[in-house]
Number of protein chains: 2
Amino acid sequence: MGRLTGGDPSLLRRINSAVVLHALRASASPASPTLTDLVKVTGLSRPTVEGAVEGLIESGLVEEASAEEGVARRQGRPARRFRFRVEAGHLLGIEIGAHRVAVLLADLSGRITGAASAEVAETAPADERLAQVRTAVTDVLRRSGVPRDALRAVGVASPGIVEADGTIRLGTALPGWTGLPLGDRLRRSFPCPVLVENDANAAAVAEHWKGAARDSDDVVFVLAGLSPGAGSLIGGRLHRGFGGAAGEIGALHLLGREATPEEVLSPTDVPLQPLDEAQVVRVFALAREGDEPARTAVDRYLRRLVHDVAALVLALDPELVVVGGWAAGLTGILEPLRTELARYCLRPPRVALSLLGDSAVATGALRLALDHVEEELFAVNPRTP
Amino acid sequence: MGRLTGGDPSLLRRINSAVVLHALRASASPASPTLTDLVKVTGLSRPTVEGAVEGLIESGLVEEASAEEGVARRQGRPARRFRFRVEAGHLLGIEIGAHRVAVLLADLSGRITGAASAEVAETAPADERLAQVRTAVTDVLRRSGVPRDALRAVGVASPGIVEADGTIRLGTALPGWTGLPLGDRLRRSFPCPVLVENDANAAAVAEHWKGAARDSDDVVFVLAGLSPGAGSLIGGRLHRGFGGAAGEIGALHLLGREATPEEVLSPTDVPLQPLDEAQVVRVFALAREGDEPARTAVDRYLRRLVHDVAALVLALDPELVVVGGWAAGLTGILEPLRTELARYCLRPPRVALSLLGDSAVATGALRLALDHVEEELFAVNPRTP
């Protein structure tokens, strides 16, 4: 509690600067705010606001709004108006997946200004996959005319359990991924912080930002594939778990020495190929046409998915479950999930489909980069743990 | 962020008072602190500290330490010393279980100063169970010489899903429990706040306070019985879930339309009685003696327990799993749990037995009452969300 009474003048300047920047950014009036507006909104003194605005202009984050803008000129010199320069920096959100890499570029408001993606062979070794990432990044920066040193933060989402420093603790979905120091490898390519996150976690963040979970702070996002993963928000904050492994519910079926997912969804004695989505779609199509072995296989698959999602729901008690990943696009996924959860969960959550679909993971990676920058720019006391 | 710049003098007084009280309570020096000590520790001005101490003495929370105490008298009048009166108020922690009710009494430091418990028939209706609670409370207050109006907060732990207002949303373990407004019913008996919590949640809090989870902030406590329940701490804070139902993992087995727990652990075709613990102990004893049907039943039971705990671990990724409840006392529970979790969880947690045993639930209820009082007394800004 000592910090309440401490008096660090540089910290105080920093706080005031953040308060003014926040007010500039949040300004909802038709015209950019004047110094008088900022004094009113922040409750700070006029000299303090003036000092903060000068510093922000020097740093490039704020500029004087053009004279034409805003209220009609009356007599005399019009009051100076100021705006937050959302173009003062840029962010990247990167998805690294089994079949493709995708990159989103955004300004400091989080508005997306560019995108690139590339197919990657599912068997591609880590180096090749990372080379594809770098190519896609170079591509989007060049096409958008954004210099690399304008990047303020880069978010990266990848399958696997991600350690706090961005190392992949376990990543069986991609060749050569387990043990890969993904954060360190990518940091060499960027002049700014690189944040690495699990793909389902990133997707959960994305759905909360601009997808199906905008209205809920307690969410489980299920990345439904052959074997499901999940990301959770608790009170609006990502729950990573003690070792970054929260939500890896796909491992549950291993406990009973049960069939692998590839066996579960196979209508024959031959397991499916783990990453062959077309094959999976074919099984679902056959089931819809009434093919008996395919229907049995799909039933088995759905029962297991429901069981895994129920385990997450019972453990966490979210308000909302959002189902994404490729399996979310399959007909007949949502209803059994909803019905069974309503039947067996003691406090059943709402169940919704992902609104962001394929772009959820990269969007979440972008949001994590934006969170990082906002914390730096706007947090009143970023040093407080 | 406006509140940084606001100036509410009564809030400021309250903050200063809390800071001084906190310093008094935390004082680790051999003698009670003087005003000069408090000025040094808090960073507040001497008049502010004097004012705060006067107010605290008026409220009964602080008193002048006796003259004999502390440093040897030198020349002149010795400096006045002050102490936090831990006896200025009392707390109760109440466990309401299937077979018994238990009450713990403590002072404002959380030190336990009294205890009472009573057997209750598992078939007792809600009114009878509550009457037993009241009797046990009256008993412990009388024996300890604590007047009822000295109570500052009461924590109550009960099986079932507990709503924020203390109503039991679902409580199948106790007759007449579902829908019971437990908080309201008990509030009539007390002149202070009554906080109701799920029993496994309370036990998790207790193990973190003074049990097996003292060194970890990310804990799953498993209340192992025929059907397990669980409570979780994330970052040291209780995770209740959106509707207070987090951790109710015992419902998971229902999904597969599987056998009930009473069938799973029965060595015959006749299910066990849900609440007959002696019967359960008999099955485990038979299994140890080599009785084949009993061994099969125990194996089934352990496999399900491992599955349920694994589901919690995969969903939450805790640092530590603490196993309590009556099943924790059975030989042969811990090792299979530890081995299987290490085998199948992607980031296996440590697994430990409860240190508090039978007293975990009541102890956790007491801690919740203490949390409430500390928040009131010591929080710098309790109104901040």
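Remember, predicted model here, so these are calculated numbers, not experimental data.

Draft legend 1. The arrangement of the overall build of chain A in detail. Helices and strands together make up the secondary structure of chain A, namely 11 helices and 14 strands. Taken over the C-alpha atoms alone, chain A extends approximately 85 × 45 × 45 Å along its principal axes. In chain A, the proportion of contacts linking residues at least 24 apart, taken out of those at least 6 apart, comes to 65%. Carbon together with sulfur atoms contributes 51% to the accessible area of chain A, which is approximately 17,100 Å² in total. Averaging the locations of the 42 positively and 48 negatively charged side chains of chain A gives two centres separated by 6 Å.

Draft legend 2. Layout of the interface of chain A and chain B. Taken together, the contact between chain A and chain B spans 48 residues of the former and 48 residues of the latter. Interface of chain A and chain B: buried area, both sides summed, is about 4,200 Å²; carbon and sulfur atoms make up 69% of it. Our count for the chain A to chain B interface comes out at 17 residue pairs in polar contact (both at pLDDT 80 or more). Listed by contribution, the elements that provide at least two residues to the side of chain A that touches chain B are helix 1 (9–26), strand 8 (168–170), helix 9 (292–316) and helix 10 (334–344) of chain A. Among the elements that line the side of chain A that touches chain B, the one with the most residues is helix 9 of chain A, at eight residues. Of the residues belonging to the side of chain A that touches chain B, the class tally is 28 nonpolar, 10 polar and 10 charged.

Draft legend 3. Representation of the sheet that holds strand 10 (residues 219–223) of chain B within the structure. Residues and elements named next belong to chain B. The mixed open sheet is built from five strands, whose spatial order is 12-11-10-13-14. This sheet does not close on itself; its edge strands, each paired only once, are strand 12 (237–239) and strand 14 (350–353). Between one strand and the next, the sheet's axes are offset by a mean angle of 25 degrees, whatever the strand orientation. With three bridges connecting them, strand 11 (residues 229–234) and strand 12 associate as antiparallel partners. Looking at the pairing, Ile234 lines up with Arg237 of strand 12. Docked against the sheet, helix 6 (residues 199–210) engages strand 10, strand 11, strand 12 and strand 13 (320–324), running at close to 45 degrees with respect to strand 11.

Draft legend 4. Summary view of the nonpolar core. Membership of the largest hydrophobic core comes to 82 residues, with the highest contact counts inside it found for Leu265(A), Val323(A), Leu265(B) and Val323(B). Filtering out sequence-adjacent residues up to four positions away, Leu265(B) remains in contact with Leu226(B), Leu272(B), Val280(B), Val283(B), Phe284(B), Ala297(B), Val298(B) and Tyr301(B). Of all hydrophobic cores here, the second largest spans 34 residues; its members include Leu105(A), Ala118(A), Ala150(A) and Leu186(A).

Draft legend 5. A look at the domain arrangement of chain A. According to the domain assignment, chain A consists of domain 1 (7–84), domain 2 (89–206 + 360–378) and domain 3 (214–354). Between domain 1 of chain A and domain 3 of chain A, the C-alpha centre-to-centre distance is 49 Å.

Draft legend 6. Structural view of the pairing of strand 5 (residues 112–119) of chain B. All names here are of chain B. Here strand 4 (residues 100–107) runs beside strand 5; their pairing, made up of seven bridges, is antiparallel. Among the inter-strand pairings, Val103 is bridged to a residue of strand 5, identified as Ala116. Hairpin connection from strand 4 to strand 5: four residues lie between these consecutive antiparallel strands, with Gly110 at a positive phi of about 90 degrees.

Draft legend 7. Summary view of unusual backbone geometry. With phi around 55 degrees, Asp317(A) is a residue other than glycine that occupies positive phi space. With respect to the helices, strands and loops of the structure, Asp317(A) is situated in the loop between helix 9 and strand 13 (320–324).

Draft legend 8. Representation of the packing of aromatic side chains within the structure. Under the counting rule described, the total for this entry stands at two aromatic pairs over all chains. For the pair Phe284(A) and Tyr301(A), a centre-to-centre distance of 5.9 Å together with 85 degrees between the ring planes defines the contact as edge-to-face. With Phe284(A) in helix 8 (residues 277–288) and Tyr301(A) in helix 9, this pair connects stretches of sequence that are 17 residues apart. Here Phe284(A) matches Tyr301(A) in class, with each residue buried. Positioned above the aromatic ring of Trp209(B), the side-chain terminus of Lys210(B) is 4.3 Å from the ring centre. When the ring centre of Trp209(B) is taken as reference, the NZ or CZ atom of Arg367(B) above it lies at 5.1 Å.

Draft legend 9. Spotlight on the environment of Leu286(B). Residues and elements named next belong to chain B. Its location among the elements puts Leu286 in helix 8 (residues 277–288). For the pair Leu286 and Val298, spaced 12 residues apart in the sequence, the C-alpha separation amounts to 9.6 Å. Apart from the residues within four sequence positions on either side, Leu286 is in contact with Asp291 and Ala294.

Draft legend 10. Main features of the relation of the copies chain A and chain B. Between the two copies, chain A and chain B, the superposition gives an RMSD of 0.1 Å; the rotation angle is 180 degrees and the shift along the axis is 0.0 Å. One copy is carried onto the other by what is essentially a two-fold rotation axis. Looking at the rotation axis and the C-alpha trace of chain A, the residue lying nearest is Ala311(A), at 2.9 Å. Interface overlap between copies: 100% of the residues of chain A at the interface are likewise at the interface in chain B, consistent with a symmetric, same-surface contact.

Parameters and conventions
Residues numbered from 1 in each chain as written. Chains lettered and ligands numbered in written order. Predicted model: local features only at pLDDT ≥ 70, side-chain atom pairs only at ≥ 80, totals over all residues. Heavy atoms only, no water. Helix = DSSP H or I, 4+ residues; strand = E, 2+ residues; numbered from the N terminus. Contact = heavy atoms within 4.5 Å. Areas by Shrake-Rupley, 256 points an atom, 1.4 Å probe, with all protein chains shown as cover. Lys, Arg positive; Asp, Glu negative; His and termini not counted. Charge placed at Lys NZ, Arg CZ, Asp CG, Glu CD. Buried area = accessible area lost by both parts, 1.4 Å probe. Polar contact = N/O pair within 3.5 Å; in protein donor to acceptor, adjacent residues only side chain to side chain. Nonpolar A, V, L, I, M, F, W, Y, C, P; charged D, E, K, R; others polar. Pairing = 2+ DSSP bridges. Axes fitted to C-alpha atoms, helices over the stretch in contact; angles between N-to-C directions. Core = buried A, V, L, I, M, F, W, Y, C linked by side-chain atoms within 4.5 Å. Buried < 20%, exposed > 50% of the residue type's maximum accessible area, 1.4 Å probe, protein only. Domains from an automatic or database assignment. Phe/Tyr/Trp six-rings, centres within 6.5 Å; stacked < 30°, edge-to-face > 60°. Lys NZ or Arg CZ within 6 Å of the ring centre and 35° of its normal. Least-squares fit on C-alpha atoms with pLDDT ≥ 70 in both.

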